[in-house]
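Report on the structure
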Amino acid sequence: MRALVSAPKDLKCRKRFKSLFQDFNVVSICKKISFFQWNHLTHICDELRESGNGLIPGISREIILQKEISLPPLAEQQRIVDRIESLFAKLDQAKELVQDGLDSFETRKAAILHKAFTGELTAKWREEHGLGIDSWRENKLGQLLRPMITCKPDKSYEYFYYIDIDTLDNKTQTVKEAKKIPVSNAPSRASRGLESGNVLFSLVRPYLKNIAVINEEFSHCIASTGFYVCRCNDSLSSYFLYYLLISQDTINYYTSYMKGDNSPSIRKGDFEGLKVMLPSLPEQQEIVSILDSLFEKEKQGKELLVGILEKIDLIKKAILARAFRGELGTNDPAEESAIELLKECLQ
């Protein structure tokens with residue numbers, strides 16, 4: 001059989017190695033034996049890739065051609081393939097379950113936040129404190145915020161620290177790192193003053209959830225006018241507002257007000273017009289405490305599942321390595337050696 005195996009895209013070779021050709025009459029053309037060859041050569045390519053990770057990544061033609069390939073009897077190749085397929089099927093099933101678990105995190109998060117801002121999450125707390133849901137009051141968000149601070153970079157300094165959308169991580173809703181920019185090159189949009197406890201909300205493409213609470217580390221920075229900088233009054237907790245803003249119900253509301261083609265955004269008035277059902281400050285703090293605890297557990301569970309996914313991929317590689325070292329218990333001493341059979345075919 002003449003088999004063509006394309007090299008992986010990231011496998012660099014000095015002589016533009018494109019494929020390997022083998023002319024083994026002894027190799028079966030059935031799909032499962034081809035599966036054996038493919039996995040075997042994939043495993044070999046991984047080894048060759050490791051060999052090529054020097055100062056100048058790449059492998060020579062000589063290394064490829066001198067690479068020894070173990071060739072078990074055809075019947076054992078079939079058993080190896082069957083064994084690999086059986087093990088991989090179980091791992092793929094486990095991987096699918098883990099991925100389903102990961103995919104459900106956002107759904108659960110949305111459900112938890114919905115319960116928080118409809119009063120369901122703290123129903124027991126209100127009962128214990130002799131309160132009802134009628135203790136919640138409807139307000140427009142703008143009524144709960146202090147005016148934003150206008151602040152330009154100080155020209156007496158050489159540099160200033162700037163926060164724009166690029167500096168936010170919209171997966172974790174945190175500021176990654178402020179940009180250090182020469183004051184002489186300050187963007188025209190750098191004019192939002194910040195304080196510890198402010199909540200940033202990007203008015204551009206709100207569905208991307210570029211939202212973050214400013215901690216002490218970034219309180220000296222200047223933010224872009226692309227953000228609405230929320231400065232809560234005494235009746236509103238910053239972290240209560242943060243959780244409200246990242247909730248899918250709020251994002252859906254703001255997304256419906258987007259205008260523009262290139263950089264769809266919402267207006268300042270649209271942002272401030274959000275209707276907020278506001279509980280007492282102690283109940284806000286209780287809601288934040290419950291959400292912090294729940295989401296910390298969710299985070300730990302997500303990290304655990306991501307670790308399992310990584311382990312599944314490593315297990316697959318380990319199975320292939322053992323398979324091609326003859327360690328899957330598939331060998332039969334009574335079978336004729338593939339090398340001897342190959343010699344007969346070549347005579």
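Nothing here was measured: the structure is a model prediction, and the numbers come from that model.

1. Thoughts on the environment of Phe105
- Relative to the helices and strands, Phe105 is located in helix α3 (residues 74-116).
- A residue is classified by how much of its surface remains accessible, and Phe105, at 7% relative accessible area, is buried.
- For the pair Phe105 and Lys299, spaced 194 residues apart in sequence, the C-alpha separation works out to 9.0 Å.
- Ignoring any residue separated from it by four or fewer positions in sequence, one finds Phe105 in contact with Glu298, Gly301, Lys302 and Leu305.

2. Digging into the pattern of salt bridges
- Counted by the stated rule, this structure contains 10 salt bridges.
- Asp92 serves as the salt-bridge partner of Lys316, at 2.5 Å between the closest nitrogen and oxygen. You can see Lys316 sitting in helix α8 (residues 281-323) and its partner Asp92 sitting in helix α3, a full 224 residues away along the chain.
- By relative accessible area, Asp92 is classed as partly exposed at 37%.
- In this structure, Arg267 and Asp270 form a salt bridge, with 3.3 Å as the shortest nitrogen-oxygen distance.
- A residue is classified by how much of its surface remains accessible, and Arg267, at 55% relative accessible area, is exposed.
- In this structure Asp270 comes out as buried when scored by relative accessible area, which is 9%.

3. Structural notes on unusual backbone geometry
- Within the chain, Gln173 stands out as a residue other than glycine whose phi angle is a positive 50°.
- Locating Gln173 in the fold gives a position in the loop between β6 (168-169) and β7 (174-175).
- Phi angles above zero are rare outside glycine, and Lys209 is one such case at about 55°.

4. A look at the pairing of strand β5 (residues 159-163)
- Note that β5 and strand β8 (residues 179-182) share four bridges and pair antiparallel. The partner of Tyr162 across the bridge, within β8, is Lys179.
- Where β5 and strand β12 (residues 222-224) come together, two bridges link them in parallel fashion. Bridging from a neighbouring strand, Tyr162 pairs with Ile222 of β12.

5. Considering the packing of α3 against α8
- Two elements in contact, α3 and α8, have axes whose closest approach is 10 Å; the angle formed by their N-to-C orientations is 170°. Put simply, α3 runs roughly antiparallel to α8. As α3 runs across α8, the sense of the crossing is left-handed.
- Along the lines of polarity and charge, the residues of the contact of α3 with α8 split into 25 nonpolar, three polar and eight charged.

6. Digging into the sheet that holds strand β13 (residues 227-232)
- In spatial order, the strands read β4-β13-β10-β11; together these four strands make up an open sheet with antiparallel pairing. With one partner strand each, in any of the chains shown, β4 (145-146) and β11 (211-213) form the two edges of the open sheet.
- Note that β4 and β13 share two bridges and pair antiparallel. Considered in β13, the bridge of Leu145 is made with Cys232.

7. Remarks on the environment of Pro147
- Positionally, Pro147 belongs in the loop between β4 and β5.
- With 85 residues separating them in the primary sequence, Pro147 and Cys232 have C-alpha atoms 9.3 Å apart.

8. Quick notes on the sheet that holds β8
- One open sheet accounts for four strands, arranged β8-β5-β12-β9; its pairing is mixed. Looking at the sheet topology across the chains shown, the edges are occupied by β8 and β9 (190-193). In this sheet, neighbouring strand axes are inclined to one another by 50° on average, regardless of whether the strands run parallel or antiparallel.

9. A look at the packing of aromatic side chains
- One pass over the structure, following the stated rule, counts 10 aromatic pairs.
- Summarising the aromatic geometry, the rings of Tyr254 and Phe271 are spaced 5.2 Å apart at their centres and angled 15° between planes, so their arrangement reads as stacked. Of this pair, Tyr254 sits in helix α6 (residues 248-255) while Phe271 is found in helix α7 (residues 268-272), placing the two residues 17 residues apart along the sequence.
- Residue classification places Phe271 among the buried residues on the basis of a relative accessible area of 0%.
- An aromatic cluster is built from Phe201, Tyr228, Tyr253, Tyr254, Tyr257 and Phe271, whose rings are joined through pairwise contacts.
- The side chain of Arg108 reaches across the aromatic face of Phe105, ending 4.5 Å from its centre.

10. Side note on the confidence of the model for the chain
- On average, residues of the chain score 82 in pLDDT, and 74% of them are at 70 or above.
- Across residues 1-33 the pLDDT falls below 50, and counting only partners more than four positions away or on other chains, this stretch makes 68 contacts in the model.
- For residues 341-347, every residue scores under 50 in pLDDT, and the model assigns this stretch six contacts once sequence neighbours within four places are set aside.

11. Considering α6
- Within α6 the residues assigned to the buried category are Thr250, Ile251 and Tyr254. Buried residues in α6, looked at end-on, bunch into an arc of 100°, giving them a common side.
- If you follow the buried residues of α6, they end up packed against β10 (199-202), β11, α5 (238-246) and α7.

12. A look at the packing of α5 against α6
- At their nearest, the axes of α5 and α6 sit 4 Å apart, and the two run at 65° to each other. Contacts between α5 and α6 involve Leu244, Leu245 and Ile246 from the former and Gln248, Thr250, Ile251 and Tyr254 from the latter.
- Its residues assigned to classes, the contact of α5 with α6 shows five nonpolar, two polar and no charged.

Rules and cut-offs
- Position numbers for residues start from 1 in each chain and track the written sequence from start to end.
- Since the coordinates come from a predicted model, pLDDT governs what is reported: local features require at least 70, and pairs of side-chain atoms require 80 or more to be given and counted, while whole-chain, interface and lining totals use all residues.
- Note that the side-chain values use all heavy atoms of the structure and ignore hydrogens as well as water.
- A run of H or I in DSSP becomes a helix once it reaches four residues, and a run of E becomes a strand once it reaches two; helices and strands are each numbered from the N terminus.
- Relative accessible area decides the class of each residue, using a 1.4 Å probe on protein chains only: under 20% of the type maximum gives buried, over 50% gives exposed, and in between gives partly exposed.
- It only takes one pair of heavy atoms within 4.5 Å for two residues to be counted as in contact.
- For this document, the term salt bridge refers to a Lys or Arg side-chain nitrogen within 4 Å of an Asp or Glu carboxyl oxygen.
- Each pair of strands is called paired provided DSSP finds at least two bridges between the two strands.
- For helices, the axis comes from a line fit to the C-alpha atoms of the stretch in contact; other axes are also lines fit to C-alpha atoms, and the angle between any two N-to-C directions lies between 0 and 180 degrees.
- Each angle gets one of four labels, with under 35 degrees taken as roughly parallel, over 145 as roughly antiparallel, 65 to 115 as roughly perpendicular, and the rest as oblique.
- In this scheme, a crossing is called left-handed if the near helix is turned counterclockwise away from the far one by less than a right angle; it is called right-handed if the turn is clockwise.
- As a working rule, the residues Ala, Val, Leu, Ile, Met, Phe, Trp, Tyr, Cys and Pro are called nonpolar, Asp, Glu, Lys and Arg charged, and the rest polar, with Gly in that last group.
- Stacked, edge-to-face and tilted labels apply to pairs of Phe, Tyr and Trp rings (six-membered ring for Trp) whose centres lie within 6.5 Å, assigned for plane angles under 30 degrees, over 60, and everything in between, in that order.
- Criterion for a charge above a ring: Arg CZ or Lys NZ at most 6 Å from the ring centre, at most 35 degrees from the ring normal.
- pLDDT: the predictor's confidence for each residue, scored from 0 to 100.
- By definition, the arc is the one covered by directions from the helix axis to the C-beta atoms.

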